[in-house]
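Observations on the three-dimensional arrangement
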Amino acid sequence: MARVYNWQLGREMSYWYPESRPKRQFAAVFDTNKCIACQTCTLACKTTWTSGKGQEYMLWNNVETKPYGSYPLAYDLKLLEMLNSQQWEGEKYTGQTVFESAPAGERVLGWRPEQQDYAYPNVGEDDCANQVDTGALMKLPHMSWFFYLARICNHCSYPACLSSCPRGSIYKRQEDGIVLVDQNRCRGYQECVKGCPYKKVFFNPMTGTSEKCIACYPKIEQGIQPQCFVNCIGKIRLAGYISRPEQARADNPIDYLVHIKKVALPLFPQYGLEPNIYYIPPIHVPDNFNRQLFGPRATEAVKTYRNAFNDRDLAGLLCLFGSTERMVTRFTRQGDVITGIEDSGAAAVRIPMNEPVHIRPAQDPRNQLVRINCP
Amino acid sequence: MKTTIALLIVLLVLGGCRRGPELVPEVVALKTDNLPASPGDSAWDRAPEHVARLLLQDLVEPRQMKATTQEVRVRALSDGAQVVFRLSWADDDLSDAPGPGKMVDACAVQIPAKLSAEPPAPQMGDDDGLVQVTYWRADWQAAVNGRGDSIKDLYPNAVVDHYPFDAQSLEKGSDAQKEMARRYAPARALGNLRAGPREKPVEDLIANGPGTLSPGPSLDSAGSGQHTRQGWAVQISRKLPEGLGGSERTQIAFAVWQGSEQESGARKMRTGWIPFVVRTAP
């Protein structure tokens, strides 16, 4: 194994291949606080990419209710249990990654779901973490909680699927870091299914090959955000490109949220894959749960998000989520107007941070009527 | 009644004394005019048998860590143009339906692409030596035997609302409909030969090292497998290696995958090189 640097762990780690970063890395931020689990993203993806034979059970995009939801079943718990202790010292991970804890004869520590594990895509949906006692809904704060976690392939910097494949059928595109399964080369060994901790590679029994989220690369090549982004009702998603921490640009939306404000965090960074879908953690969830999912920065991220109202740039940037189908790679704020800018330098969208408020008096002087709000 | 019982005992005793195949220390393809049609063909009765001990695939990760299939019994016949192998191994758990987390039974025959005194590395060849592989799979056999190309053939209780290529606007079986269905099966659309639908249960492959397996030139291969409670008997035919047939000899290797043991790709039981000759029947 080679030694590579994983900035999410704050240290070097072992990986199957030497470090080779793409020219730019596709990345995204999902705001969990805005997701309503309407599954429009799931359907947008499903109807676009996985409505063929053998793809019936595939959900390249899914939304699960945490803490009990998972697809495939217990994909997260099983690996967390296998990985044993996952210690952090400050922002440095001192536990072992899935690469470092690979058993003898294996490339990655992993497990392969069985058919039945794919049979419950909505398990735990809307289930609270705790029992709701009589009258509890009348008290604040609510001690019972859940939240929605939307998931796609993380297009990791160190993909476990890629390193698991013994015949090099998975590759990471140099132009944008999107991870793809070469459908012409794959022979369906399902090693990638076993290796991916997020279980975002699926085996197609009709073609005998494995398939996964392609980040809608034909759209990205045209500067358009993927299907699950542009169809998101809750406007929770923003796609772009992420720089390495030392090269972070304050006008790059993803860099700003991830590196500068540190409000968006990777999912299960302790696995060691350097995943590139970043989450703004839910603000109403116990801190220890957030830290298990999103790492030690979760506590601070929640504080930053709660304070976004007083942070004009951050608040403005959050307004850009779901406001345009174009890929926004730069943003600026002038007063209360935030502008999303494309690669070409053209403004993709301008958003007022505060929408104009019109107060209609209850009394209609012309008609001498009292207006009511209900139709 | 007594006569019948006595007759049965005599038959059983005679059956028990029936001679098995001649055991040979190398793989011998006996020359014949009529090649067998299936692994159950009586032509196999006179072919000598080599019992090949199977080893763990221990060269590359992922390695085979657990010894599963112990041995594969190999017989061979040749008509001078084709060579036919009969591989049999114990496997009482039929695995012929692929699926998430479900592997299928399979076997393969590997021969150096060129006759040489120095054969390439036995595990998939090497940079200096290409190997030819003829690969048979149980799910392909099931397809050839008549299993349909639909999810309901794999999962009879599956319910599918609609496929885009089943839209009413597309005439069923038309070229336009077939073309659209291909687009929804990426591996098929790209021409990945392993992606089906299958017309034969074997494929011809070449390799020059682990991880390099790719489709090879046609070896006119064919195959047929039968599963019983004892295990698999699989017949694989291919072109006789060029130059083989007289006093020359080459090497041959075999691999077996047990689906129920989650074996697939590099996770397999395999042999080392075994001498392989063609011999005239005595």
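Starting afresh in each chain, residues are numbered from 1 along the sequence in its written order. Working convention: letters from A go to chains and numbers from 1 go to ligands, in the order in which they are written. Predicted model: local features are reported for residues with pLDDT of at least 70 only, side-chain atom pairs are reported and counted for 80 or more only, and whole-chain, interface and lining totals are derived from all residues. Computation of side-chain values covers all heavy atoms of the structure but excludes hydrogens and water.

1. Section: helix H9 (residues 298-306) of chain A
Residue and element names in this part refer to chain A. Applied cut-off: For every residue, the accessible area (1.4 Å probe, protein chains only) is compared with the maximum for its type, and the residue is labelled buried under 20%, exposed over 50%, or partly exposed between those bounds. Working definition: helices are DSSP H or I runs of at least four residues, strands are E runs of at least two. Numbering for both runs from the N terminus. By definition, the arc is the one covered by directions from the helix axis to the C-beta atoms. Should any heavy atoms of two residues lie within 4.5 Å, those residues are counted as being in contact.
For H9, the complete set of buried residues consists of Ala298, Ala301, Val302, Thr304 and Tyr305. Looking straight down H9, one finds its buried side chains confined to an arc of 165°; they lie on one side. Of the exposed residues in H9, those oriented more than 90 degrees away from the buried face are Lys303 and Arg306. Summarising the contacts, the buried residues of H9 are in contact with strand S3 (25-31), strand S13 (265-266), strand S14 (277-280), helix H8 (287-294) and helix H10 (312-320).

2. Examining the sheet that holds strand S15 (residues 330-334) of chain A
All names here are of chain A. Note the following rule: Only strands that DSSP links by at least two bridges are regarded as paired with each other. As a rule, the C-alpha atoms of each element are fitted with a line to give its axis, helices using only the stretch in contact, and angles between N-to-C directions run from 0 to 180 degrees.
Strand order in this open sheet of three strands is S15-S16-S17, and the pairing throughout is antiparallel. Sheet topology places S15 and strand S17 (347-352) at the edges, where each strand pairs with a single neighbour. Sheet twist, expressed as the mean angle between neighbouring strand axes with direction ignored, is 20°. As defined by bridge partners, S15 adjoins strand S16 (residues 337-341) across five bridges and the pair is classed as antiparallel. Among the inter-strand pairings, Arg330 is bridged to a residue of S16, identified as Ile341. Sheet contacts for H10: S15, S16 and S17; angle to S16, the most-contacted strand, approximately 55°.

3. Here's the deal with the nonpolar core
Note the threshold: The definition of a nonpolar core used throughout is a set of buried Ala, Val, Leu, Ile, Met, Phe, Trp, Tyr and Cys residues joined through side-chain atoms within 4.5 Å.
By size, the foremost hydrophobic cluster in this structure holds 80 residues, and its most contacted members are A:Phe30, A:Val98, A:Phe99 and A:Tyr271. A:Tyr271 has contacts with A:Asp76, A:Leu79, A:Leu80, A:Leu83, A:Thr97, A:Val98, A:Phe99, A:Pro197 and A:Tyr198, leaving out every residue within four places of it along the chain. Of all hydrophobic cores here, the second largest spans 29 residues; its members include B:Ala29, B:Ala52, B:Trp136 and B:Val278.

4. Overview of the domain arrangement of chain B
Residue and element names in this part refer to chain B. Operational definition: Where each domain starts and ends comes from a domain assignment, either automatic or drawn from a database. Two parts placed together each lose some accessible area; with a 1.4 Å probe, that loss summed over both constitutes the buried area. When a carboxyl oxygen of Asp or Glu lies within 4 Å of a side-chain nitrogen of Lys or Arg, that pair is called a salt bridge. Counted as a polar contact is a pair of N or O atoms within 3.5 Å, where, for protein atoms, one must be capable of donating a hydrogen and the other of accepting one, and residues adjacent in sequence contribute only when both atoms are in side chains. In this classification, Asp, Glu, Lys and Arg are treated as charged, Ala, Val, Leu, Ile, Met, Phe, Trp, Tyr, Cys and Pro as nonpolar, and every other residue, Gly included, as polar.
By domain assignment, chain B separates into domain 1 (21-142 + 204-279) and domain 2 (150-196). Using only C-alpha atoms to locate each centre, domain 1 and domain 2 end up separated by 32 Å. Listed as interface residues are seven residues of domain 1 and, on the opposing side, four residues of domain 2. When domain 1 packs against domain 2, close to 400 Å² is buried across both sides, 58% of that on carbon and sulfur atoms. Across the contact surface, domain 1 and domain 2 share zero salt bridges. Joining domain 1 to domain 2, the criterion identifies zero residue pairs in polar contact (both at pLDDT 80 or more). Split into classes, the residues belonging to the side of domain 1 that touches domain 2 amount to five nonpolar, one polar and one charged.

5. Details of the side chain of A:Gln227
All names here are of chain A. With respect to the secondary-structure elements, Gln227 resides in helix H6 (residues 227-230). Looking at Gln227, its side chain comes within polar contact range of the side chain of Thr48, at 3.0 Å. Apart from the residues lying within four places of it in its own chain, the contact partners of Gln227 are Ala44, Thr48, Cys216 and Lys219.

6. Quick look at the packing of helix H7 (residues 253-260) of chain A against H10(A)
The relative placement of two packed helices is expressed as an angle between their axes plus a distance between the axes. Residue and element names in this part refer to chain A. Formally: Each angle is binned into one of four classes, with values under 35 degrees roughly parallel, values over 145 roughly antiparallel, values of 65 to 115 roughly perpendicular, and all other values oblique. Helix crossings get a hand from a simple test, with the near helix turned counterclockwise from the far one by less than a right angle marking a left-handed crossing and a clockwise turn marking a right-handed one.
The interhelical angle for the contact between H7 and H10, taken along N-to-C directions, is 130°, at an axis separation of 11 Å. One element, H7, and the other, H10, form an angle in the oblique class. By crossing handedness, the relation of H7 to H10 is classed as left-handed. Between H7 and H10, the contacting residues are Pro253, Tyr256 and Leu257 on the first element and Asp313, Leu314, Leu317 and Leu318 on the second.

7. Focus: empty space enclosed by the protein
Note the following rule: Of the grid points, spaced at 1 Å and generated over the protein atoms alone, those admitting a 1.4 Å probe that cannot get out make up cavities, while open sets with protein on both sides within 12 Å along at least five of seven lines make up pockets; any residue with an atom within 4 Å of a point is treated as lining. Grid points are joined across faces, edges and corners, and a volume is the space filled by probe spheres set on the points.
Tallied over the entire structure, the rule returns eight cavities of 30 Å³ or more. Taken as a whole, the largest cavity spans an internal volume of roughly 130 Å³. Taken together, 18 residues make up the lining of the largest cavity; nearest its centre are A:Gly188, B:Met103, B:Val104, B:Arg137 and B:Ser264. Taken together, the residues of the lining of the largest cavity sort by class into eight nonpolar, five polar and five charged.

8. Comments concerning the pairing of strand S5 (residues 82-90) of chain B
Residues and elements named next belong to chain B. With eight of nine residues buried, S5 lies mostly within the body of the structure. Where strand S4 (residues 71-78) lies against S5, six bridges are found, and the strand directions are antiparallel. Its bridge partner being in S5, Arg75 is matched across the sheet by Arg86. Between the end of S4 and the start of S5, which pair antiparallel, lie three residues, with Gly80 showing a positive phi angle near 95°.

9. Description of the packing of aromatic side chains
Residues and elements named next belong to chain A. What counts here: A pair of Phe, Tyr and Trp rings is counted when the ring centres sit within 6.5 Å of each other, with Trp represented by its six-membered ring. The angle between the planes then sorts it: under 30 degrees is stacked, over 60 is edge-to-face, the rest tilted.
What the rule picks out here adds up to 28 aromatic pairs over all chains. Relative to Phe202, the ring of Tyr71 lies with its centre 6.5 Å away and its plane at 25°, an arrangement referred to as stacked. Of this pair, Tyr71 sits in the loop between strand S4 (62-66) and helix H2 (75-83) while Phe202 is found in strand S10 (residues 201-204), placing the two residues 131 residues apart along the sequence. The exposure class assigned to Tyr71 is buried, which follows from its relative accessible area of 1%. Between Tyr256 and Phe331, the ring centres sit 5.5 Å apart and the planes meet at 70°, which makes this aromatic pair edge-to-face. Here the residue Tyr256 occupies a position in helix H7, and Phe331 occupies one in strand S15, the gap between them amounting to 75 residues. Among the residues examined, Phe331 registers a relative accessible area of 5% and is labelled buried.

10. Considerations on the sheet that holds S3(A)
All names here are of chain A. Overall, mixed pairing links the four strands, which are arranged S12-S3-S14-S13 in an open sheet. This sheet does not close on itself; its edge strands, each paired only once, are strand S12 (237-242) and S13. Note that S3 and S12 share six bridges and pair antiparallel. Paired with Ala28 across the bridge in S12 is Ala239. Most of the contacts of H7 go to S12, to which it runs at about 85°, and overall it touches S3, S12 and S14.

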